[in-house]
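Listed below are the residues making up each chain.
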Amino acid sequence: MELNSRIPDGPIDKKWDKHRFDLKLVNPANKRKYKVIMVGSGLAGGAAAASLAELGYEVECYCYQDSPRRAHSIAAQGGINAAKNYRNDGDSIFRLFYDTVKGGDFRAREANVYRLAQVSVNIIDQCVAQGVPFAREYGGLLDNRSFGGAQVSRTFYARGQTGQQLLLGAYQALERQIGLGTVKMFPRHEMLELIVVDGVAKGIVTRDMVTGQIESHVADAVCLATGGYGSVFYLSTNAKGCNASAIWRAYKKGAAFANPCYTQIHPTCIPVTGDHQSKLTLMSESLRNDGRIWVPKKKEDCGKPAEQIPEDDRDYYLERKYPSFGNLAPRDISSRAAKQVCDEGRGVGSTGRGVYLDFEASIKRLGQPKIEERYGNLFEMYERITDENPYKTPMRIYPASHYTMGGLWVDYNLMSTIPGLFVLGEANFSDHGANRLGASALMQGLADGYFVIPYTIGGYLAGLKPGSRIKADDPAVKATVQSTADGIQKLLAIGGKETPTHFHRELGKIMWEDCGMGRNEAGLKKALKAIPELREQFWSDLKITGTGDELNQSLEQAGRVADFLEVGELMCLDALERRESCGGHFREEWQTEEGEALRDDENFAHVAAWEYKGDGQTPVRHTEPLVFENIHLATRSYK
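Model, not experiment: these values are computed from the prediction.

**Student:** Before we go on, may I ask you to explain the environment of Gly303 in this structure?
**Tutor:** The topology assignment puts Gly303 in the loop between β12 (292-296) and β13 (314-315). Along the chain, Gly303 and Gly347 lie 44 residues apart, while their C-alpha atoms are 9.3 Å from each other.

Rendered as structure tokens:
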């Protein structure tokens, strides 16, 4: 397997402009002769489908939700980064580039990250033109706030609903193209397989989730914009439907999977309260602009109401440990710091797994109406879930699984190791290294969808003869459809006693315990023994009610859990092989005296890309060296 990143030559600030010029073009009259399949309709998928259709391509868009508006991008709360420097506080494209590379603990490609910073300024203009209601200052100018890992205010926001508002902008652009007939939308369709002919992606196989019908769809190129695999932990901030099946099926067809161990734990989630929960709720990182995080200094104070603990007996541990960034330290660092104080016995709440996020000082300084203006919907959501008023008593938060920096390997054009298969947004690995800075997920999704893939996919399609795509009755297509149907029947035929949820929950416990915030060799080896045993139980004792010829959520979940049982194993294998600590990957054997991550740049300044070799076979680990020509490798410090 060759990992050719196709990074263009020249100065970093000229690479993208030069590359766009060098890409082959498709004659406007020929664009309608090319068909592109877009799997996923969130920010990356919806933006890309609308943009490609606007250019003239024939586009088919698939999502498992009943509407593109229900894509998980809608759940993003805090904001979107862009190097506009409206605050005149020292921001620039290069500083956004630097902060992102540093935030990723120097494990991202320079060229991809710089391009992301470049196009960020265009994203805001695009979204404002679409009518996205970003917050504005008194004089009418767009407002900004701060996020973790940066000392400038570059985050544009729409209260605590930024993802929703941005998705509505992409959705209306997509719906316009659907109305014009240039996009054909397939809601309630789940991709179950990638069609590969002679090593080239030529289409997908889907299941109509209402009728159960297995269908094939062929095209000249396939784009996956299906999000990450964070739900492998079972309890996560992701929607219940979020899954890894699309990218995992592509991996098993030859697409390299890069850095699967890079998973992000978000420090600002409502804590777990019991086994009854099926997911966790995120409280936006933006709350850390005005909220102060603390725990009692004394263990004996942990059971007292927060308001009864004097100021001198409170440990504002982020402000103490990281005075330069304080409560806006990056997510991986803030999460580990919360775990550390809870491990010391100073956690709050009934489980002892919680810390306070306190707005008392900000309310006194700014007044409650100003806090309501900035975060009102988040405070309301917290009160509905916990029955506690965060204006009167501090929120309780604790880290939880949130985002995945790993994903399918892609080159500079966003194409995977399978020609014709492009991967966008969280589904690829390319921009965030070992840790994603807050407010960068929306930035990457829209950058890929609006400003990258419309150029790069044209360079690929220009090399194909118009109208040369395979037919639906091609033997390779029929064989893929049959193998997909056989896989569904295999699941239905098990006839065991345990539900898919049971196996998913058990997998989540293994992953959180042994491949969560802290990893070590013994735990990872334990997980690599436990996961195959759990998978064996799954294939012998799974119970699915109903049939495959109807709406069957038990069947849908079973297929996703089957994939998670394999994804989790690859994550642990990758974590075991990466013998260093970086970003969200914290190997306990590699840490400084102060408990910070200890990188090994000599041996691990590379991307690890895994090649599937067949069921029961150990995948092969390939590497892509990371070269830093514009930013010097340095110890990551936020003190």
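Once the structure has been displayed, the description carries forward.
**Student:** Whenever I open this one, the pairing of strand β15 (residues 395-404) confuses me. Can you help?
**Tutor:** Remember that side chains alternate between the two faces of the sheet whenever the strand is regular. For β15, the tally of buried residues reaches nine of ten residues, placing the bulk of the element in the interior. With five bridges connecting them, strand β11 (residues 263-269) and β15 associate as antiparallel partners. Across the sheet, His266 pairs through a bridge with Ala400, a residue of β15. Bridging between strand β14 (residues 355-358) and β15 involves three bridges; their strand directions are antiparallel. Across the sheet, Val355 pairs through a bridge with Ile397, a residue of β15.

**Student:** I'm lost on the sheet that holds β11 in this one. Help?
**Tutor:** Note: strands within a sheet are paired through backbone hydrogen bonds, in either parallel or antiparallel orientation. Strand order in the open sheet formed by five strands is β11-β15-β14-β12-β13, and the pairing between neighbours is antiparallel. The sheet is open, and its two borders are formed by β11 and β13, each paired with just one other strand. Looking at chain direction, β12 and β14 are connected through three bridges and run antiparallel. Counterpart to Arg292 in the pairing with β14 is Asp358.

**Student:** Mind showing me how you'd approach the nonpolar core here?
**Tutor:** Counting residues in hydrophobic clusters, the biggest one holds 143 residues, and the most contacted among them are Ile80 and Leu224. The element contributing the most residues to this core is helix α16 (residues 553-577), with 13 residues. Look past the residues within four positions of Ile80 in its chain and what remains in contact with it is Ile123, Ile124, Phe134, Arg154, Thr155, Phe156, Thr162, Leu166, Ala439, Leu442, Met443 and Leu446.

**Student:** Would you mind showing me how to read the packing of aromatic side chains here?
**Tutor:** Two descriptors summarise a pair of aromatic rings, namely the distance from one centre to the other and the angle between the planes of the rings. By the definition in use, this model includes 25 aromatic pairs. Plain terms: the ring middles of Trp16 and Tyr455 are 5.8 Å apart, the flat faces sit at 90 degrees to each other, and that makes the pair edge-to-face. One end of the pair, Trp16, is in helix α1 (residues 15-22); the other, Tyr455, is in helix α12 (residues 441-461), and 439 residues separate them in sequence. With a relative accessible area of 3%, Trp16 lands in the buried category. Here Tyr455 falls in the partly exposed class, since its relative accessible area comes to 38%. Relative to Phe257, the ring of Tyr251 has its centre 6.0 Å away and its plane inclined at 85 degrees; by these criteria the two rings are edge-to-face. Given the relative accessible area of 2%, Tyr251 is considered buried. Overall, Phe257 belongs to the buried group, its relative accessible area being 1%. Directly above the aromatic system of Tyr455 lies the positively charged group of Arg20, at a separation of 5.2 Å from the ring centroid. In this structure, Arg145 packs its charged tip against the face of Tyr157, placed 3.7 Å from the ring centre.

**Student:** Could you clarify how one ought to interpret the packing of helix α14 (residues 500-514) against α16 in this entry?
**Tutor:** Pairs of packed helices are described in terms of their axes, by the angle between the two and the distance that separates them. Put simply, α14 and α16 touch, their axes get as near as 9 Å, and they point 20 degrees apart. Taken together, the axis directions place α14 and α16 in an arrangement best described as roughly parallel. Considering how the two elements wind past one another, α14 and α16 form a crossing that is left-handed. Residues Pro500, Thr501, Phe503, His504, Leu507 and Met511 of α14 pack against Ser554, Gln557, Ala558, Val561, Phe564, Leu565, Gly568, Met571 and Cys572 of α16. In the contact of α14 with α16, the residues fall into ten nonpolar, five polar and no charged.

**Student:** Is there a simple way to think about the sheet that holds strand β10 (residues 257-258) in this case?
**Tutor:** Strand order across the open sheet formed by four strands is β16-β10-β18-β19, with antiparallel pairing between neighbours. The open sheet has two edge strands with one neighbour each: β16 (407-408) and β19 (620-625). Judged from the two bridges that link them, β10 and strand β18 (residues 606-611) form a sheet pairing that is antiparallel. Bridge pairing in β18 links Phe257 to Trp610. Running over the sheet, α16 touches β10, β18 and β19 and is turned about 140 degrees from β18.

**Student:** Would you take a moment to explain helix α6 (residues 162-180) for this structure?
**Tutor:** Helix length check: α6, at 19 residues, gives a terminal C-alpha distance of 28 Å against a target of 27 Å (1.5 Å per residue), a fit within 8%. For α6, every residue scored as buried is listed here: Thr162, Gly163, Gln165, Leu166, Leu167, Gly169, Ala170, Tyr171, Leu174 and Gln177. Tucked inside the fold, the buried residues of α6 contact α3 (43-55), β3 (80-81), α5 (110-130), β4 (155-156), β5 (183-186) and α12. Directly after α6, the chain includes Gly181, whose backbone phi takes a positive value near 85 degrees.

What counts, and at which threshold
Residues numbered from 1 in each chain as written. Predicted model: local features only at pLDDT ≥ 70, side-chain atom pairs only at ≥ 80, totals over all residues. Heavy atoms only, no water. Helix = DSSP H or I, 4+ residues; strand = E, 2+ residues; numbered from the N terminus. Buried < 20%, exposed > 50% of the residue type's maximum accessible area, 1.4 Å probe, protein only. Pairing = 2+ DSSP bridges. Core = buried A, V, L, I, M, F, W, Y, C linked by side-chain atoms within 4.5 Å. Contact = heavy atoms within 4.5 Å. Phe/Tyr/Trp six-rings, centres within 6.5 Å; stacked < 30°, edge-to-face > 60°. Lys NZ or Arg CZ within 6 Å of the ring centre and 35° of its normal. Axes fitted to C-alpha atoms, helices over the stretch in contact; angles between N-to-C directions. Parallel < 35°, antiparallel > 145°, perpendicular 65-115°, else oblique. Left-handed = near helix turned anticlockwise from the far one by under 90°. Nonpolar A, V, L, I, M, F, W, Y, C, P; charged D, E, K, R; others polar. Expected span 1.5 Å × (residues − 1).

These results come straight from atomic positions and should not be treated as a statement about function.
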